[in-house]
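# Structure assessment
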Amino acid sequence: MTGLLVVTAVPAEAEAIRAGLTASAAPDGTAPPDVTVLPVGVGPAVAAAATARLLALAEAAGRPYRAVVSAGIAGGFVGRVAVGGTVLADRSVAADLGAESPGGFIPVEDLGMPPELLGGGRIVPADPGLLAGLRAALPGAAVGTVLTVSTVTGTAASTAALAQRHPDAVAEAMEGYGVAVAAAQAGVPFAELRTVSNPIGPRDRSAWRMREAFAALTSAAAALH
Ligand SMILES: O=C(O)c1cccc(C(=O)CC[C@H]2O[C@@H](n3cnc4c(=O)[nH]cnc43)[C@H](O)[C@@H]2O)c1
């Protein structure tokens, strides 16, 4: 059994996490963290495909990962988590997997399709043991639903609709659900860790605080030992 696999979307997120792992390692080097941090791409499809391949290769080599964490920056729901804050998903949800209708969004599980075609559904709970360990190491983190979207939310109307549909959601990002499905199909425990780079709302790039979010990722990385 190998260690923990941490997948990010972009290299900058992976570097921020590696910096935190290095800073929090035993100073005498006696306990090097058995953590592999790799950027796998932006969006649920590429994240799922790349994570599935990494998990399968490790398994085929006789060194399966013990768990996988989807990590990176995210948008935060205003009033639920602050920019610069840290978030742990108790579940990762494919927020836009379904159908639009004049009456509103219809989740995919309500479209009458056979459940076996839905890959376990669009809601994937975090592994309880993995989440408990991360919560203990990150007591200041907000814990709640983290949404996975294919389009960054950018209007007041879509923000309000999403917040109403997901009263327990604290953040949105673009990879968690994809990584979660890859982990579930490989039988590997899954969790999602995010730091907030921007408020979810009408698109305003000047409100994004990437540096703050990357610094928070570096701080949170110690929890991944
Ligand atoms: O929207 C842009 O203009 C933009 C420009 C450069 C980089 C990015 C990103 O890296 C954002 C996508 C990336 O970060 C996560 N993320 C961060 N904030 C959000 C959000 O409000 N909604 C959804 N995803 C977000 C996401 O997981 C991607 O990996 C954007």
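These figures come from a predicted structure and were not determined experimentally. Each chain has its residues counted from 1, running along the sequence as written. Only residues with pLDDT of 70 or above have their local features reported here, since the model is predicted, and side-chain atom pairs are shown and tallied only from 80 upward, although totals for entire chains, interfaces and linings are computed over all residues. Working from all heavy atoms in the structure, the side-chain values ignore hydrogens and water.

## Quick notes on the pattern of salt bridges
Note the cut-off: In what follows, salt bridge is the name for a side-chain nitrogen of Lys or Arg lying within 4 Å of a carboxyl oxygen of Asp or Glu. Where helices and strands are cited, they refer to DSSP runs of H or I of at least four residues and of E of at least two residues respectively, numbered from the N terminus. Burial classification: accessible surface area is computed with a 1.4 Å probe over protein chains only, and a residue below 20% of its type maximum counts as buried, one above 50% as exposed, and the rest as partly exposed.
Within this structure, the stated rule accounts for three salt bridges. With its nearest N and O atoms 3.2 Å apart, the salt bridge here joins E175 to R194. Placement of the pair is E175 in the loop between strand 9 (169-173) and helix 5 (176-186) and R194 in strand 10 (residues 190-199), with a sequence separation of 19 residues. E175 sits in the buried class, given a relative accessible area of 5%. Close ionic contact of R194 with E192 constitutes a salt bridge, the shortest N to O distance being 2.9 Å. Each of the two residues, R194 as well as E192, counts as buried.

## A word on the environment of T153
To keep it simple, the criterion reads: Any two residues having at least one pair of non-hydrogen atoms within 4.5 Å are treated as being in contact. Identification of polar contacts relies on pairs of N or O atoms within 3.5 Å, with a donor-acceptor requirement for protein atoms, meaning one able to donate a hydrogen and the other able to accept it, and with residues adjacent in sequence counted only if both atoms are side-chain atoms.
Assignment of secondary structure puts T153 in the loop between strand 8 (142-148) and helix 4 (156-165). In this structure, T153 is in contact with S158, T159, L162, E172, I200 and G201, ignoring residues within four places of it in sequence. A polar side-chain atom of T153 sits 2.5 Å from a polar atom in the side chain of E172.

## Let's talk about the site of the ligand
Quick reminder of the rule: Proximity criterion: a residue is near a molecule or strand once any of its heavy atoms comes within 4 Å of it. Using a 1.4 Å probe, the Shrake-Rupley method yields the accessible areas, and only the shown protein chains count as cover for residues. We call Asp, Glu, Lys and Arg charged. Ala, Val, Leu, Ile, Met, Phe, Trp, Tyr, Cys and Pro are nonpolar, and the rest, Gly among them, are polar.
Surveying the vicinity of the ligand reveals 15 residues, the closest of which are E172, M174, E175, N198 and R203. At 3.0 Å, a backbone N or O of M174 approaches an oxygen atom of the ligand. Between E175 and the ligand, the recorded distance is 2.7 Å, taken from a side-chain N or O atom to an oxygen atom. Protein contact buries 81% of the 590 Å² of open area that the ligand shows by itself. Counting only elements with at least two residues in the shell around the ligand, the list comes to strand 3 (67-76), strand 9 and strand 10. Partitioned by chemical class, the residues of the shell around the ligand number seven nonpolar, three polar and five charged.

## Examining helix 2 (residues 44-60)
The following threshold applies: By this rule, a helix spans an expected 1.5 Å times one less than how many residues it contains. To be clear, the arc concerns the directions from the helix axis to the C-beta atoms.
With 17 residues, helix 2 extends 24 Å from end C-alpha to end C-alpha; this agrees with the ideal 24 Å at 1.5 Å per step. All of the buried residues along helix 2 are P44, A47, A48, T51, L55 and A58. Viewed along the axis of helix 2, the buried residues span an arc of 105 degrees, placing them on a single side of the element. In this structure, helix 2 carries A45, A49, R53 and A60 as exposed residues pointing more than 90 degrees from its buried face. Of the residues trailing helix 2, G62 is marked for its positive phi of about 80 degrees.

## Side note on helix 1 (residues 11-24)
Note on helix geometry: an α-helix contains 3.6 residues per turn, so any two residues three or four positions apart are oriented the same way. Taking 1.5 Å per residue, 14 residues should reach 20 Å; helix 1 reaches 20 Å between its end C-alpha atoms and fits that length. Considered for burial, the residues of helix 1 that qualify are E13, A14, A16, I17, G20 and L21. Looking straight down helix 1, one finds that the buried residues subtend no more than 160 degrees of arc, so they occupy a single side. Summarising the geometry of helix 1, the exposed residues directed more than 90 degrees from the buried face are T22 and A23. Those residues of helix 1 hidden inside the fold are in contact with strand 1 (4-8), strand 2 (35-39), strand 3, strand 10 and helix 6 (210-220).

## Re the confidence of the model for the chain
Keep in mind that low pLDDT regions are not for reading the predicted coordinates in detail. Heads up, the condition is: Confidence of the predictor at the level of single residues is given by pLDDT, which spans 0 to 100.
With 97% of its residues at a pLDDT of 70 or more, the chain has an overall mean of 96. Of the two predicted TM-score estimates for the complex, the pTM is 0.96 and the ipTM is 0.93.

## Some details on the packing of aromatic side chains
Selection criterion: Put simply, two rings from Phe, Tyr or Trp (the six-membered ring, in Trp's case) pair if the centres are within 6.5 Å, and we call them stacked under 30 degrees between planes, edge-to-face over 60, tilted for the rest. Throughout this description, the term charge over a ring refers to an Arg CZ or Lys NZ atom that lies within 6 Å of the ring centre and within 35 degrees of the ring normal.
Under the criterion given, the structure shown has zero aromatic pairs. In this arrangement the basic side chain of R80 is found over the ring face of F77, its NZ or CZ atom lying 5.1 Å from the centre. Note that R205 overlies the ring of W208, its terminal NZ or CZ placed 4.4 Å from the centroid.

## Digging into the packing of helix 2 against helix 5
Helix packing geometry: the angle between the two helix axes and the distance between the axes. The following threshold applies: Axes, fitted as lines to C-alpha atoms, cover a helix only where it is in contact. Angles between the N-to-C directions of the axes lie from 0 to 180 degrees. The scheme is simple: roughly parallel for angles under 35 degrees, roughly antiparallel for over 145, roughly perpendicular for 65 to 115, oblique for anything else. Left-handed describes a crossing whose near helix is turned anticlockwise from the far helix by less than a right angle; the clockwise case is right-handed.
It is the contact of helix 2 with helix 5, at a shortest axis distance of 7 Å, that shows an interaxial angle of 30 degrees. Between helix 2 and helix 5, the angle is such that the two are roughly parallel. Here helix 2 runs over helix 5; the crossing is right-handed. In contact with P44, A47, A48, T51, A52 and L55 of helix 2, helix 5 contributes G178, V179, A182, A183 and A186. Within the contact of helix 2 with helix 5, the residues separate by chemical class into nine nonpolar, two polar and no charged.

## Focus on the nonpolar core
Here is the rule: Side-chain atoms within 4.5 Å link the members of a nonpolar core, which is a set of buried Ala, Val, Leu, Ile, Met, Phe, Trp, Tyr and Cys residues.
Ranked by internal contacts, the top residues of the largest apolar core, which has 28 residues, are V6, I17, V69, L193 and L224. Looking at this core, the elements that each hand over two or more residues are strand 1, helix 1, strand 2, strand 3, helix 3 (128-137), strand 10 and helix 6. Setting aside anything within four residues of it in sequence, one finds V6 in contact with I17, V35, T36, V37, L38, V69, A71 and L224.

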